[in-house]
Amino acid sequence: MKYHTINELDHFCFKEAYIAQICAVNGMFEIVFDNVTILPANSCNRDIREMRANELVLKISEPKIEALVEEGYKVYDANGNLKQKNEDITIAPEAYADKFKELEGCEVYSIEQENGNYVISIDTEDHTFLLRISGSGDTQEWDRFLNK
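Residues numbered from 1 in each chain as written. Predicted model: local features only at pLDDT ≥ 70, side-chain atom pairs only at ≥ 80, totals over all residues. Heavy atoms only, no water.

- Going by the annotation in an unreviewed UniProt entry, the name recorded for the protein is Subtilin biosynthesis sensor protein SpaK, with Roseburia intestinalis given as the source organism.

Structural data, given as structure tokens:
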């Protein structure tokens, strides 16, 4: 990879980025994203404007998946009456690999990081998932800048 940053997650915007691949095996966690916005404050961005990148690899050091949750939702009729309420569903660790495959191609709403805790909000066609991971740091790698 041509460009490499360390702990600069806040210098990227992942809103409207797409997940190309999620890999979580043997103490390693990485996600490959397409359509990531690289902000002007990024140490590798020599331009004064927002740029884009495809095939950006986000790696989290010393990862521990805390939870993968399919968020619940409520369904109302046209009069505003509650018709159905679906609770949050916590995905079991043994089902992570299958669920990660299903999330490939889905859009990211946001990635937030605070005190070594990462929260990734993922939109599917009809549901939202929250992925919570703890880790000691993050790196980002990509090959080239694209115009936004």
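Still more to cover.
## Looking at the layout of surface pockets
Move 1: Taken as a whole, the largest pocket holds about 180 Å³ of empty space.
Move 2: Secondary structure elements with two or more residues in the lining of the largest pocket: β2 (12-13) and β12 (107-114).
Move 3: When residues in the lining of the largest pocket are grouped by element, the largest group, four residues, is from β12.
Move 4: A class-by-class count of the residues in the lining of the largest pocket yields six nonpolar, three polar and three charged. (1 Å grid on protein atoms, 1.4 Å probe; cavity = no way out; pocket = protein on both sides within 12 Å on 5 of 7 lines; lining within 4 Å. Points joined across faces, edges and corners; volume = space filled by probe spheres on them. Helix = DSSP H or I, 4+ residues; strand = E, 2+ residues; numbered from the N terminus. Nonpolar A, V, L, I, M, F, W, Y, C, P; charged D, E, K, R; others polar.)

## Regarding the nonpolar core
Move 1: Formed by 33 residues in total, the largest nonpolar core has its most connected members in Phe 14 and Phe 33.
Move 2: With residues near it in sequence (within four places) discarded, Phe 14 still touches Leu 9, Phe 33, Val 36, Leu 56, Val 108 and Ile 111. (Core = buried A, V, L, I, M, F, W, Y, C linked by side-chain atoms within 4.5 Å. Buried < 20%, exposed > 50% of the residue type's maximum accessible area, 1.4 Å probe, protein only. Contact = heavy atoms within 4.5 Å.)

## Quick word on the packing of aromatic side chains
Move 1: Under the defined criterion, the tally for this structure stands at eight aromatic pairs.
Move 2: Arranged with centres 4.8 Å apart and planes meeting at 70°, the rings of Tyr 3 and Phe 145 form a pair that is edge-to-face. Here Phe 145 lies in the loop between β15 (137-142) and β16 (146-147) and Tyr 3 lies in strand β1 (residues 3-6), a separation of 142 residues in the sequence.
Move 3: When the centroid spacing of 5.5 Å and the interplanar angle of 90° are considered together, the rings of Phe 12 and Trp 142 count as edge-to-face. Within this pair, whereas Phe 12 is found in strand β2, its partner Trp 142 is found in strand β15, the two being separated by 130 residues in sequence. Neither residue differs from the other here; Phe 12 and Trp 142 are each classed as buried.
Move 4: Linked through ring pairs, Tyr 3, Phe 12, Phe 14, Phe 33, Trp 142 and Phe 145 together constitute an aromatic cluster. (Phe/Tyr/Trp six-rings, centres within 6.5 Å; stacked < 30°, edge-to-face > 60°.)

## Let's talk about the pattern of salt bridges
Move 1: Here the structure, examined in full by the defined rule, presents seven salt bridges.
Move 2: Note that Glu 50 is salt-bridged to Lys 148, the shortest N-O span being 3.1 Å. Taken together, the residues span a long stretch of sequence, with Glu 50 in the loop between β5 (36-38) and β6 (51-53) and Lys 148 in the segment after β16 at a distance of 98 residues.
Move 3: Residue classification places Glu 50 among the partly exposed residues on the basis of a relative accessible area of 35%.
Move 4: By relative accessible area, which is 56% here, Lys 148 ends up exposed.
Move 5: Between Glu 102 and Lys 99 there is a salt bridge, and its shortest N-O distance comes to 3.1 Å. Of this pair, Glu 102 and Lys 99 both sit in helix α1 (residues 96-103), three residues apart, which is roughly one turn of that helix.
Move 6: The class of Lys 99 is buried, set by a relative accessible area of 15%. (Salt bridge = Lys/Arg side-chain N within 4 Å of Asp/Glu carboxyl O.)

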